[in-house]
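Descriptive analysis of the structure
Spelled out from the first residue to the last, the chains are:
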Amino acid sequence: DGRPGSTRACDASIRAAGVVGKMASVECKVLGIVDVEKLAEVEEAVQSMTVLEGWPKEVHRVQMRAEGRQTLEVVRNWKAVGCTTVVPPQNVALRQESEPMRGAPAQAHAAEVRTVVECECDPEDDVQGFLETLGYVVTCASVRRGTVYHLRLSSTQLPVEVFVYRLHKVLDSQNATRIEEFAPNFAVVEALVRCEEGKKMEASPAIAALRDKLAGVVALKKPQEMLR
């Protein structure tokens, strides 16, 4: 029917983990890989657009997978300072993504569309310990360190989030600041729009506009297209 995986299914998974305060939305995402030698060109191109007040921000984002009755993700956003220093988590979220939207609407959309259920947690809470008590196995999947921009593109009022980052692995499971790059010669450009279910098609022109503006420095594609 062209809809992304149901909000109800995701909501049930988060609720089964014993978490409350849920928030459901739709995320429309594209990705690109760029050689680090062109990273400055990408950042310059992004900064030339309409960057919203308060952005960009340097981020150290730790993403952990929780495998159990469902597959959940724990995301910790740290504020990065310089090359090695981080400030303790600014926010922590427990989230689950649906399967991507399929059918003709998905093919017509400029981005991959998924339903996401997310719960904001207190940074001081032991989210990992809580999930392990429920029987989940929590592992650190990746660390993404880079710069986040919020832009306004096309006639839509939906902001586009652009995250330009280097992907790392954690060397010490007890210390998320001890990291090593997976691919030192490459960086990732991730662009997404978060919106309500009824506005997902409005996100397409904004994503398409960004793809056109960055076409000379990085090719942005739907994540599934990058696996082909």
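Below is a short write-up of the structure. (Residues numbered from 1 in each chain as written. Predicted model: local features only at pLDDT ≥ 70, side-chain atom pairs only at ≥ 80, totals over all residues. Heavy atoms only, no water.)

Some remarks on the overall build of the chain
- A tally of regular secondary structure across the chain gives 6 helices and 9 strands.
- Considering the chain as a whole, with its 228 residues, one finds that 46% of them fall into the buried category.
- For the chain, the share of sequence-separated contacts (at least 6 apart) that also reach a separation of at least 24 residues comes to 70%.
- For the chain, the exposed surface amounts to about 11,800 Å²; the carbon and sulfur share of it is 49%. (Helix = DSSP H or I, 4+ residues; strand = E, 2+ residues; numbered from the N terminus. Buried < 20%, exposed > 50% of the residue type's maximum accessible area, 1.4 Å probe, protein only. Contact = heavy atoms within 4.5 Å. Areas by Shrake-Rupley, 256 points an atom, 1.4 Å probe, with all protein chains shown as cover.)

Structural notes on helix α2 (residues 39–47)
- Every buried residue of α2 is accounted for by Leu-39, Val-42, Ala-45 and Val-46. With its buried residues spanning 130° around the axis, α2 presents them on a single face. Facing away from the buried side of α2 by more than 90 degrees, the exposed set consists of Ala-40 and Glu-44. (Arc of directions from axis to C-beta.)

Points about the nonpolar core
- One finds Val-162, Leu-210 and Leu-214 to be the most contacted residues of the largest nonpolar core, which totals 35 residues.
- Elements supplying a minimum of two residues to this core: β1 (22–35), α2, β6 (137–152), β7 (159–172), β9 (186–195) and α5 (203–214).
- Counting residues per element, this core draws most heavily on α5, which supplies 6 residues.
- One finds Ala-66, Leu-94, Cys-121 and Val-138 within the second-largest nonpolar core, a separate group that totals 14 residues. (Core = buried A, V, L, I, M, F, W, Y, C linked by side-chain atoms within 4.5 Å.)

Some details on unusual backbone geometry
- Geometrically, the link from Trp-55 to Pro-56 is a cis peptide bond, its omega value of 10° lying close to zero.
- Considering the arrangement of structural elements, one finds Pro-56 in the loop between α2 and β2 (57–67).

A closer look at the pattern of salt bridges
- Scanning the model with the defined rule gives 14 salt bridges in all.
- Here Glu-27 ties to Arg-95 by a salt bridge, and the two come within 3.1 Å at their closest N and O atoms. Of the two residues, Glu-27 is situated in strand β1 and Arg-95 in strand β4 (residues 85–97); the sequence distance between them amounts to 68 residues. Across this residue pair, the class does not change: Glu-27 and Arg-95 are buried. (Salt bridge = Lys/Arg side-chain N within 4 Å of Asp/Glu carboxyl O.)

Don't take any of this as a statement about function, it's just geometry.
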